[in-house]
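So the chains spell out like this:
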Amino acid sequence: MQRLGIFGGTFNPPHFGHLHIAESALRQAQLDRVLWVPAAVPPHRQGQDLVAIAHRLELVKRAIAPHQSFALCCVDPKTAGDRSYAIDLLHQLETQYTQYISNDHGIEAADNQWFWIIGQDAFATLPRWYRRRELIPRCTWLVAPRRPLSPAATPAATPAAIVQILQSQGIDIRWQQLDLSPLDISSSQIRQRVGDRLSIHTLVPDAVREYIEEKRLYQSPNL
């Protein structure tokens, strides 16, 4: 049995903030592996600064290459678009990472323990997730605190308040607040700096920066 963490996102692009969260989850929840799952988005939903999934897969691959406990996961593109659901992703990963053990009764599947690494803002939306009554109890939810807010930003609901809402819906949840200081880095900030021809070397690993420069990503019109 393995302790596996799911870390999904657009990763457009991945940066040191993402790595900080994944490393904290790996250590604090004693995970065996963190599975990075870039979200594919159909062409009709691609925004002006959302690069193709092939680029984002390569960016994540490069970002996590030095980390032996991180793995890149490519889910079925038919269910990886904007109409895919977290429960479908979990089903795919459960199938992909099933291990079999031999015992006196023959060969049996060994159940893994699943952990979902999620930011505080996304955690606040759990009470509205599709098939949440099936999904939520099957994972332990590792909640990353929100990065520093601007004065005009709207405070997010606390994880404890969200847990109370879920309990009022009859849903039990196992969760843990990750103990980390969020880095003040965002993918939108990086895209803006690239578009403005400013340095991003302190925001992303060198391999990510080099790929962005090589492919001229986030530089209109070559998105």
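Residues numbered from 1 in each chain as written. Predicted model: local features only at pLDDT ≥ 70, side-chain atom pairs only at ≥ 80, totals over all residues. Heavy atoms only, no water.

Within an unreviewed UniProt entry, the label attached to the protein chain reads Probable nicotinate-nucleotide adenylyltransferase, and the organism entered is Thermoleptolyngbya oregonensis NK1-22. Per its UniProt entry, the protein chain bears the Sequence similarities (unreviewed entry) comment "Belongs to the NadD family." (UniProt positions renumbered as here; feature names shortened; annotations may be inferred.)

This next bit is on the sheet that holds strand S1 (residues 3-9). Pairing is parallel in the open sheet, where six strands are placed in the order S3-S2-S1-S6-S7-S8. If you trace the sheet from one side to the other, it starts and ends with strand S3 (70-72) and strand S8 (174-177), each paired once. With direction set aside, neighbouring strand axes in the sheet form an average angle of 25°. The pairing of S1 with strand S2 (residues 33-38) spans six bridges and is classified as parallel. (Pairing = 2+ DSSP bridges. Helix = DSSP H or I, 4+ residues; strand = E, 2+ residues; numbered from the N terminus. Axes fitted to C-alpha atoms, helices over the stretch in contact; angles between N-to-C directions.)

Once that is clear, we can look at the packing of helix H2 (residues 53-64) against helix H8 (residues 206-215). Contact geometry of H2 with H8 gives a least axis separation of 8 Å together with a crossing angle of 150°. In terms of orientation, H2 lies roughly antiparallel with respect to H8. Note on element contacts: H8 touches H2 through Ala 207, Val 208, Tyr 211, Ile 212, Glu 214 and Lys 215, opposite His 55, Glu 58, Leu 59, Arg 62 and Ala 63. Looking at side-chain class alone, the contact of H2 with H8 contains six nonpolar, one polar and four charged residues. (Parallel < 35°, antiparallel > 145°, perpendicular 65-115°, else oblique. Contact = heavy atoms within 4.5 Å. Nonpolar A, V, L, I, M, F, W, Y, C, P; charged D, E, K, R; others polar.)

Tallying each qualifying case throughout the model produces nine aromatic pairs. Here Phe 7 and Trp 36 contribute two aromatic rings whose centre-to-centre distance is 5.0 Å and whose plane-to-plane angle is 70°, an arrangement assigned as edge-to-face. Taken together, the residues Phe 7 in strand S1 and Trp 36 in strand S2 connect sequence positions 29 residues apart. The exposure class of Phe 7 is buried, given its relative accessible area of 7%. Ring plane angle 35° and centroid distance 6.1 Å describe the contact between Phe 123 and Trp 175, whose orientation is recorded as tilted. Placement of Phe 123 in helix H4 (residues 120-123) and of Trp 175 in strand S8 is noted, with a sequence separation of 52 residues between them. Joined through ring pairs, the aromatic side chains of Phe 7, Phe 11, Trp 36 and Phe 70 make up one cluster. (Phe/Tyr/Trp six-rings, centres within 6.5 Å; stacked < 30°, edge-to-face > 60°. Buried < 20%, exposed > 50% of the residue type's maximum accessible area, 1.4 Å probe, protein only.)

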